[in-house]
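# Examination of the molecular architecture
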Amino acid sequence: MNGTNFLVLVSIMVIGSQAWNELKILRKRLPDAILIGAKKSGTRALLTFISTHPNVSAANPEIHFFDKYYHLGIDWYRSQMPFASENQIVIEKTPKYLVDPKVAQRVYNMNKNVKLIVILRNPISRAISEFVQTQWKQKRNIFDVEEQAKRFTRMLYQNQRGNSTIRKNWSVIRNGIYVKHIKNWLKYFPLESFVFINGDNLVKNPHEEMKKLQQFLNLEPIISESDFVITKQKKGFPCIRVRADSDRIKCLNDQKGRPHPKINPSVMQDLDIFYKPFNKEFFELINQKPFW
Ligand code: A3P
């Protein structure tokens, strides 16, 4: 072996052992924080934004372990987690967790110190957003917003002895009764285990909500106002600069921000009256000023 070959061999061995060491410190761990909901409140945007933090490693798909795949066991859950280094926190998001009554106790049994992230949006726009998503999934009248508005209204009411009342067991409506779902979680976790992010403000002032989240997760607050970009192509929604590659801007896909049907004002008023006491009780329970 001549001198040059020897040097090449030594370099390969050094680089190889460094890479091996790095690989060894990246491990799959159970999550330190879980984004539990609420569905259609900006959960994907929040996860996308916090994933740009160098000290975060987040699972991209929704795992659904505690609601759907619990029978597969905790090792399966761990295997679904992303690789993370010792100085990263691991996050997963499954918005169904907030509303499924089995989940809180199961999460508690895994780790009673886990951090719980909740993002909430005005339950009326949340309900319309969920309804629109269902229509798209069923490929039903997706471009006919007037027909959608009629269908929403038909599905919203039930007739009881000649009186029309809101069908509160319709999942689209029930999912937005936040106080009911959080009360169940509070049977297992103290209020300090939760952070409540304002989903409407995440669109308007994303840096404010990210500041709150980074603080809650004990992360250095490096995601700031200058990291957000608003473009017309993305319907006025904020996109985020990717820190590791500052030329790249990450936006959500076009399935977010679908057009909402214009619901009749009297129906909107009924929804407002319906949700008002639940919203009031919710914000009193979490001891915060109303978000909307
Ligand atoms: P609409 O599609 O009804 O507008 P989720 O990710 O939990 O399913 O929430 C979807 C909602 O996220 C969208 O509802 C949209 O309003 C909201 N959202 C918040 N921030 C966003 C962003 N930066 N880009 C796209 N959508 C965002």
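Refer to the structure presented above.
When helices and strands are tallied, the protein chain shows 11 helices and 12 strands. C-alpha extents for the protein chain along the principal axes are approximately 95 × 45 × 35 Å. Burial status across the protein chain gives 42% buried among its 292 residues. In the protein chain, the proportion of contacts linking residues at least 24 apart, taken out of those at least 6 apart, comes to 70%. Placing the 46 positive and 26 negative side-chain charges of the protein chain at their respective mean positions leaves the two points 6 Å apart.

Before going further, it helps to spend a moment on the sheet that holds strand S5 (residues 89-93). Taken in spatial order, the 5 strands line up as S3-S5-S2-S6-S9 in an open sheet, and their pairing is parallel. Among the strands making up the open sheet, the edge pair consists of strand S3 (56-58) and strand S9 (194-198). For this sheet, the mean angle separating the axes of adjacent strands, direction not counted, is 25°. Across 3 bridges, the pairing between S3 and S5 is parallel. Each bridged residue has a counterpart across the sheet, and for Ala58 the counterpart in S5 is Ile91. On the sheet, helix H2 (residues 43-51) packs against strand S2 (33-37), S3, S5, strand S6 (115-120) and S9 and is oriented at approximately 165° with respect to S5. Together, S6 and S9 form the strand contacts of helix H10 (residues 206-216), whose direction differs from that of S9 by roughly 170°.

All right, on to the environment of Glu225 then. Its place among the elements puts Glu225 in the loop between H10 and strand S10 (228-230). Taking the relative accessible area as the measure of exposure, Glu225 reaches 54% and is therefore exposed. Note: C-alpha distance between Glu225 and Lys211 (14 residues apart in sequence) is 9.5 Å.

This paragraph deals with the site of the ligand. Lining the immediate surroundings of the ligand are 17 residues, of which Thr43, Ser129, Pro238, Gly257 and His260 lie closest. One nitrogen or oxygen atom from the main chain of Lys40 is found 3.2 Å from an oxygen atom belonging to the ligand. Here an oxygen atom of the ligand sits 3.4 Å away from a polar atom, N or O, in the main chain of Arg258. In the complex, 94% of the free accessible area of the ligand, which totals 570 Å², lies under the protein chains. Broken down by element, the residue count for the shell around the ligand peaks at 4 residues, all from H2.

So, on to the packing of aromatic side chains. What characterises a pair of aromatic rings is the spacing of the ring centres plus the angle enclosed by the ring planes. Following the criterion strictly, the structure yields 25 aromatic pairs and no others. Centroid distance Phe65 to Tyr70: 5.2 Å. Interplanar angle 50°. Geometry classified as tilted. The exposure class of Phe65 is buried, given its relative accessible area of 1%. Residue class for Tyr70 comes out partly exposed when judged on its relative accessible area of 30%. Feature note: the residues Phe65, Phe66, Tyr69, Tyr70, Trp76, Tyr77 and Tyr97 constitute an aromatic cluster, connected by ring pairs. Lying over the aromatic face of Phe83, Lys28 brings its terminal NZ or CZ to 5.1 Å of the ring centre. Taking the ring centre of Phe216 as reference, the NZ or CZ of Lys115 above it sits at 5.1 Å.

Moving on, we come to the sheet that holds strand S12 (residues 249-250). Two strands in a sheet stick together by hydrogen bonds in their backbones, pointing the same way (parallel) or opposite ways (antiparallel). Taken together, the 3 strands give an open sheet; going across it, the order is S10-S11-S12, and neighbouring strands pair in antiparallel fashion. Strands at the two margins of the open sheet, each flanked by one partner only, are S10 and S12. Inspection of the sheet shows strand S11 (residues 238-241) paired to S12 by 2 bridges, in the antiparallel sense. Residue pairing in the sheet places Arg241 in a bridge with Ile249 of S12.

Remark: helix H5 (residues 123-137) packs on helix H11 (residues 265-286), axes separated minimally by 9 Å, with the N-to-C direction vectors making an angle of 120°. Between H5 and H11, the angle falls in the class oblique. On H11, the residues that touch Pro123, Ile124, Ala127 and Ile128 of H5 are Met268, Leu271, Asp272, Tyr275 and Asn279. Residue composition of the contact of H5 with H11, grouped by class: 7 nonpolar, 1 polar and 1 charged.

The rules we used
- Residues numbered from 1 in each chain as written.
- Predicted model: local features only at pLDDT ≥ 70, side-chain atom pairs only at ≥ 80, totals over all residues.
- Heavy atoms only, no water.
- Helix = DSSP H or I, 4+ residues; strand = E, 2+ residues; numbered from the N terminus.
- Buried < 20%, exposed > 50% of the residue type's maximum accessible area, 1.4 Å probe, protein only.
- Contact = heavy atoms within 4.5 Å.
- Lys, Arg positive; Asp, Glu negative; His and termini not counted.
- Charge placed at Lys NZ, Arg CZ, Asp CG, Glu CD.
- Pairing = 2+ DSSP bridges.
- Axes fitted to C-alpha atoms, helices over the stretch in contact; angles between N-to-C directions.
- Near = heavy atom within 4 Å.
- Polar contact = N/O pair within 3.5 Å; in protein donor to acceptor, adjacent residues only side chain to side chain.
- Areas by Shrake-Rupley, 256 points an atom, 1.4 Å probe, with all protein chains shown as cover.
- Phe/Tyr/Trp six-rings, centres within 6.5 Å; stacked < 30°, edge-to-face > 60°.
- Lys NZ or Arg CZ within 6 Å of the ring centre and 35° of its normal.
- Parallel < 35°, antiparallel > 145°, perpendicular 65-115°, else oblique.
- Nonpolar A, V, L, I, M, F, W, Y, C, P; charged D, E, K, R; others polar.

These results come straight from atomic positions and should not be treated as a statement about function.
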